[in-house]
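Analysis of the macromolecular model
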Amino acid sequence: MELIRADAGWKKEILRFADEVFGTDLPPGGFARLIPDVYGPDAPCDGNHWLILEEGRIRALLLTEPVSFVCGGDVLKGIGVGTVSVAEDARGRGYMQLLLKTVKEWMKKEGYAFAVLSGQRQRYAYWGYEPMEVCLTMQLEPGNGKHGLTRACADGQDAGISFSEMREGGEEETSACRLFESRPLHTKRKEQTFARHLKAGLCIPLTIRRDGAFAGYLCESVRNGEPRITELELADPELYPAVMKAYWEKRAPEGFSVELAWYRTREFDFLEKICGRYLLRQGHQYDMADLKEVLRFFLRAKKELFGLSDGEWSFRVREEEGETALFSCSVKGEEIRVRRFSEEEADPAEWEKAEEWEKGELARFLFGTASFVRHRPGIPAGWLPLPLYLPSADAV
């Protein structure tokens with residue numbers, strides 16, 4: 001048995017192996033079509049896979065793709081873990097445990113603050129992954145369009161709205177990428193592959209025009225005949241109702257759903273008034289390797305999005321290595337500080353005063369739905385939940 005980090009020469013074998021393991025769970029065209037930015041013909045597939053080999057043949061693999069959040073001048077580096085594959089006749093040998101252990105050690109060494117994946121919760125909880133996002137799915141039925149959207153656009157603003165598939169390498173791709181990057185909190189993407197990136201999960205990136213001029217873009221996913229908007233950005237937010245009505249009339253007359261980060265309050269306020277129903281749910285699973293850096297980044301992002309009241313909050317948490325640490329968070333004006341102390345370094349009175357958390361429970365409370373329904377004393381009002389949301393186009 002041999003563990004390696006694969007170079008580009010392994011691409012063909014990686015695709016063959018992964019397509020074979022996932023079999024009928026994949027669409028026609030396999031992973032090359034499902035995640036074209038990682039596995040498509042022009043993707044290098046170089047250095048982003050860990051492989052376990054037996055006699056030169058792949059027996060297990062996983063993908064580690066860089067994923068970063070950006071807020072102002074701050075960048076939070078992480079990795080997306082995906083394409084988790086073990087040959088059927090190699091299962092039970094501990095290969096996936098070895099790969100996950102290797103990735104965990106490697107990401108800390110390389111300075112990645114977090115890892116994110118999708119999958120069965122209990123399977124990955126052993127390695128520190130917890131469901132931590134808050135996602136909204138807004139469902140619009142035909143009647144919501146006929147009555148709600150029609151009334152919202154009674155002034156005819158939607159008349160000049162059109163949709164066309166975004167061309168790779170076209171001017172609209174550049175405009176869409178720059179629009180995406182203008183948001184106060186976003187992921188890091190490459191301008192030259194922006195349209196291809198949006199095609200993950202069989203999505204179709206659509207350019208939105210108003211009277212022929214670029215107005216924004218959206219990602220459309222159609223599964224089992226049900227259209228879904230997974231991402232939408234507009235140069236003029238006032239056009240949102242008009243775009244919703246035009247989309248309903250031209251592409252989804254039988255209804256559609258919209259995926260939202262919970263902090264997209266403007267869009268939520270509009271859709272909540274007219275949708276048939278909406279769902280608040282957990283999203284991806286994360287392992288926070290550098291909790292101090294993650295806290296500092298997302299407190300700053302929350303301040304950028306909503307503002308934060310001045311205050312302080314300290315807590316203790318048992319880390320994966322078995323050591324308990326004290327974290328002290330403070331906001332004063334524009335200054336945000338997060339400090340970590342071992343028991344030997346901490347003030348004894350502060351140590352005893354701070355509430356102790358299990359790491360998984362803490363992670364879910366900081367970023368998940370728990371803080372919506374449970375109040376914990378000592379946490380400054382408005383600090384939680386923190387604005388963690390990974391668009392589906394960035395998930396691997």
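To keep things clear, this report deals only with the structure shown in the data block. In this text, all values refer to a predicted model and were calculated from it rather than measured experimentally. (Residues numbered from 1 in each chain as written. Predicted model: local features only at pLDDT ≥ 70, side-chain atom pairs only at ≥ 80, totals over all residues. Heavy atoms only, no water.)

**Here we look at the nonpolar core**
A general feature of soluble globular proteins is that nonpolar side chains tend to end up buried together. Going by this rule: The criterion is simple. A nonpolar core is a set of buried Ala, Val, Leu, Ile, Met, Phe, Trp, Tyr and Cys residues joined through side-chain atoms within 4.5 Å. Accessibility here uses a 1.4 Å probe with only protein chains present; expressed as a share of the type maximum, an area under 20% marks a residue as buried, one over 50% as exposed, and anything in between as partly exposed.
Counting residues in hydrophobic clusters, the biggest one holds 78 residues, and the most contacted among them are Met244, Val258, Phe298 and Phe315. Ranked by size, the runner-up nonpolar core spans 39 residues in total, among them Ile4, Leu26, Leu61 and Leu99.

**So, the layout of surface pockets**
Rule in force here: Using protein atoms alone on a 1 Å grid, points that fit a 1.4 Å probe yet trap it form a cavity, whereas open point sets bounded by protein on both sides within 12 Å along at least five of seven lines form a pocket; residues with an atom within 4 Å of a point count as lining. Grid points are joined across faces, edges and corners, and a volume is the space filled by probe spheres set on the points. Helix and strand assignments come from DSSP, with helices taken as H or I runs of at least 4 residues and strands as E runs of at least 2, each series counted from the N terminus. Each residue is assigned to one of three groups, with Ala, Val, Leu, Ile, Met, Phe, Trp, Tyr, Cys and Pro labelled nonpolar, Asp, Glu, Lys and Arg labelled charged, and all others, Gly among them, labelled polar.
The calculated volume of the largest pocket comes to roughly 1400 Å³. Every residue lining the largest pocket is counted, 50 residues in all, and those nearest its centre are Phe22, Thr83, Ser118, Gly119 and Val396. Breaking the lining of the largest pocket down by element, the ones donating at least two residues are helix H1 (11-22), helix H2 (30-34), strand S4 (74-86), helix H4 (95-110), helix H5 (121-125), strand S12 (226-234) and strand S14 (277-282). Element by element, the count of residues in the lining of the largest pocket is highest for S4, at six residues. Here the residues of the lining of the largest pocket are counted per class, giving 27 nonpolar, 14 polar and nine charged.

**Comments concerning helix H11 (residues 291-306)**
Selection rule: Any helix carries an expected span of 1.5 Å times its number of residues minus one.
Here H11 is 16 residues long and its end C-alpha atoms lie 22 Å apart, about the 22 Å a rise of 1.5 Å per residue gives. Within H11, the full set of buried residues consists of Leu291, Val294, Leu295, Phe297, Phe298, Leu299, Ala301, Lys302 and Lys303. Directly beyond the C-terminal end of H11, a positive phi value near 85° is found at Gly307.

**Structural notes on the pattern of salt bridges**
Note the following rule: Whenever a carboxyl oxygen of Asp or Glu lies within 4 Å of a side-chain nitrogen of Lys or Arg, that contact is scored as a salt bridge.
Evaluation of the coordinates by the stated rule reveals 31 salt bridges. A salt bridge links Glu220 to Arg251; its shortest N-O distance comes to 2.9 Å. Residue Glu220 is located in strand S11 (residues 213-223), and its partner Arg251 is located in the loop between helix H9 (240-250) and strand S13 (256-261); the two are separated by 31 residues in the primary sequence. A salt bridge links Arg228 to Glu259; the nearest nitrogen and oxygen atoms lie 2.3 Å apart. Separated by 31 residues along the polypeptide, Arg228 in strand S12 and Glu259 in strand S13 bring together distant segments of the chain. Looking at Arg228, the relative accessible area reads 18%, which means it is buried.

**A short note on empty space enclosed by the protein**
Scanning all chains against the criterion turns up one cavity of 30 Å³ or more. What the largest cavity holds in volume is close to 40 Å³. Lining the largest cavity, in full, are Gly80, Val81, Val116, Leu117, Ser118, His284, Leu390, Ala395 and Val396. Those elements giving two or more residues to the lining of the largest cavity turn out to be S4 and strand S5 (114-117). Across the lining of the largest cavity, the residue classes break down as six nonpolar, three polar and no charged.

**Quick word on the pairing of strand S17 (residues 324-332)**
To keep it simple, the criterion reads: For two strands to be treated as a pair, DSSP must find no fewer than two bridges joining them.
Counting buried positions along S17 gives eight out of nine residues, so the element sits mostly inside the fold. Relative to S17, strand S16 (residues 311-318) runs antiparallel, the two sharing eight bridges. When the bridges of S17 are listed, Glu312 appears paired with Ser330. In this structure, the hairpin formed by S16 and S17 is closed by a connection of five residues, where Gly322 is found at a positive phi of approximately 100°. One ladder, built from eight bridges, connects S17 with strand S18 (residues 335-342); its direction is antiparallel. Paired with Val331 across the bridge in S18 is Ile336. Between the end of S17 and the start of S18, which pair antiparallel, lie two residues, with Gly333 showing a positive phi angle near 65°.

**What to know about a negative patch on the surface**
What counts is decided by this rule: Residues qualify for a patch when their relative accessible area is over 30% and they have no salt bridge, like charges being joined within 9 Å and the nonpolar side chains of Val, Leu, Ile, Met, Phe, Trp and Tyr within 5 Å. Shrake-Rupley sampling with a 1.4 Å probe provides the accessible areas, and residues are treated as covered by the protein chains on show and by no other component. Positive charge is attributed to Lys and Arg, negative charge to Asp and Glu, and no charge count is given to His or to the chain ends. For charged residues, the charge sits on one atom: NZ in Lys, CZ in Arg, CG in Asp, CD in Glu.
Residues Glu343, Glu344, Glu345 and Glu352 make up a contiguous surface patch of negative charge. In this fold, Glu344 is placed in the loop between S18 and helix H12 (348-353).

**Focus on the environment of Glu344**
The class for Glu344 is exposed, based on a relative accessible area of 69%. Here the alpha-carbon distance between Glu344 and Ala325, two residues 19 residues apart in the chain, equals 9.6 Å.

**Structural notes on the sheet that holds S16**
Our working definition: Interaxial angle, 0 to 180 degrees, is taken between N-to-C directions of lines fitted to C-alpha atoms, where a helix line uses only the stretch in contact. Pairs of residues are marked as contacts when any of their non-hydrogen atoms sit within 4.5 Å.
As summarised here, the arrangement of the four strands in space is S18-S17-S16-S19, forming an open sheet in which the pairing is mixed. Each edge of the sheet is formed by a strand with only one pairing partner; in this case those strands are S18 and strand S19 (355-358). Shown here is a sheet whose adjacent strand axes are inclined to one another by a mean of 25°, direction ignored. Contacting S16, S17 and S18, H11 runs over the sheet at an angle of about 160° to S18. Helix H13 (residues 359-367) contacts S16 and S19 of the sheet and is inclined by roughly 95° relative to S19.

These figures capture arrangement, not role.
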